[in-house]
Amino acid sequence: MRSLFNLYGAMLAKGIITHTLYVLVAVGIGFALGLVLGVLLSRVPKWSGVILPVLSIFQTIPGLVFIGVLFILWGNTYYTVIAALSVYAMFPVLKNTYTGILGVERQYVEAAKGCGMAPLQSLLKVELPLAMPTIIAGLRMATIYTVSWTVLAAMIGRGGLGIFVYQGVDSNNNTLILLGAIPAAALAILFGAVIDLLQKKVTPRGLQKGVSG
């Protein structure tokens, strides 16, 4: 074990850092895009009948294919990886934002109007807070998916824990595969736990019992 870490320790540390940065940047961009687009879509629900099915079809495109297409268009750059991961991370957040906002009971929206709130005030102070558990659930899904999708960065030589997985597969070395897979699984568990704590923080007190149940 010691010889293994002496041989791959520095490479593993770099892979974990690179993998984590990819996830943080891509999920951050995907969350921002998904939140904004989900809000806009909730304002014009009739568009959802066209846009959501199209997005669902696009989401079925394998990440390997998508990152390969971007590689052809943009070349071997970090932007290629970030763009691909951000798009995939956006989908769960967009869908959950749209679903969460439309799921807010009309009585709360009407009460906000009765208090003289403008539509933007109602969105920021009533609808988004009440939809936040659903939105954060989308963020959790996007983050965990992105941890696994980031393995594809190694396919175009852009680092991450996928390096160990691909090298292990090529050389039929199970140890190398595990050296990449185990830290990736640990990152997914860690990010999931952090987002669970975030969800408890942002969920209105009146909804926390229902969410925890």
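So, here's what we can say about the structure. Worth saying up front: this structure is predicted, and the values here are computed from it rather than measured.

### Overview of the packing of aromatic side chains
One pass over the full model with this rule turns up eight aromatic pairs. Between tyrosine 22 and tyrosine 78, the aromatic rings sit 6.2 Å apart at their centres with planes inclined by 40°, giving tilted as the arrangement. Here tyrosine 78 lies in helix α4 (residues 78-102) and tyrosine 22 lies in helix α1 (residues 2-43), a separation of 56 residues in the sequence. Ring plane angle 50° and centroid distance 5.1 Å describe the contact between tyrosine 88 and tryptophan 149, whose orientation is recorded as tilted. Taken together, the residues tyrosine 88 in helix α4 and tryptophan 149 in helix α6 (residues 119-149) connect sequence positions 61 residues apart. Note on tryptophan 149: relative accessible area 23%, which makes it partly exposed. Members of the aromatic cluster, joined through ring pairs, are Phe58, Phe66, Tyr88, Phe91, Tyr145 and Trp149. Above the plane of the ring of tyrosine 78 lies arginine 158, whose end atom (NZ or CZ) is 4.4 Å from the centre.

### Side note on the packing of helix α5 (residues 106-114) against α6
Where α5 contacts α6, the two axes come as close as 10 Å, and the packing angle between them is 165°. Taken together, the axes of α5 and α6 are roughly antiparallel relative to one another. The way α5 lies across α6 gives a crossing that is right-handed. On α6, the residues touching Tyr108, Val109 and Ala112 of α5 are Ser122, Val126, Glu127 and Leu130. Residues that form the contact of α5 with α6 fall into these classes: five nonpolar, one polar and one charged.

### Structural notes on the environment of valine 126
Mapped onto the fold, valine 126 is located in helix α6. Overall, valine 126 belongs to the buried group, its relative accessible area being 12%. Remark: the alpha-carbon pair of valine 126 and leucine 179, spanning 53 residues in sequence, is separated by 46 Å. Other than its neighbours up to four places away in sequence, valine 126 contacts Tyr108, Ala112, Met117 and Gln121.

### Here's the deal with unusual backbone geometry
In the Ramachandran plot, asparagine 172 falls in the positive-phi region, its phi being about 55° despite a non-glycine side chain. Structurally, the position occupied by asparagine 172 is in the loop between α7 (162-170) and α8 (174-202). Given a relative accessible area of 67%, asparagine 172 falls into the exposed group.

### Structural notes on the packing of α7 against α8
Interaxial distance between α7 and α8 falls to 7 Å at its minimum, and their mutual angle equals 160°. In this view, α7 runs roughly antiparallel relative to α8, as classed from their interaxial angle. The way α7 lies across α8 gives a crossing that is left-handed. Across the interface between the two elements, Phe164, Val165, Gln167, Gly168 and Val169 from α7 touch Leu176, Ile177, Leu179, Gly180 and Ala181 from α8. Of the residues belonging to the contact of α7 with α8, the class tally is seven nonpolar, three polar and no charged.

### Some words on the pattern of salt bridges
Using the criterion set out here, one finds three salt bridges in the structure. One salt bridge in this structure joins glutamate 127 and arginine 43, with 2.9 Å as the shortest N-O distance. Linking glutamate 127 in helix α6 with arginine 43 in helix α1, this pair joins segments that are 84 residues apart in sequence. Of the charged contacts, one joins aspartate 196 and arginine 140 as a salt bridge, the two residues approaching to 2.9 Å between their closest N and O atoms.

Reading the values: the criteria
Residues numbered from 1 in each chain as written. Predicted model: local features only at pLDDT ≥ 70, side-chain atom pairs only at ≥ 80, totals over all residues. Heavy atoms only, no water. Phe/Tyr/Trp six-rings, centres within 6.5 Å; stacked < 30°, edge-to-face > 60°. Helix = DSSP H or I, 4+ residues; strand = E, 2+ residues; numbered from the N terminus. Buried < 20%, exposed > 50% of the residue type's maximum accessible area, 1.4 Å probe, protein only. Lys NZ or Arg CZ within 6 Å of the ring centre and 35° of its normal. Axes fitted to C-alpha atoms, helices over the stretch in contact; angles between N-to-C directions. Parallel < 35°, antiparallel > 145°, perpendicular 65-115°, else oblique. Left-handed = near helix turned anticlockwise from the far one by under 90°. Contact = heavy atoms within 4.5 Å. Nonpolar A, V, L, I, M, F, W, Y, C, P; charged D, E, K, R; others polar. Salt bridge = Lys/Arg side-chain N within 4 Å of Asp/Glu carboxyl O.

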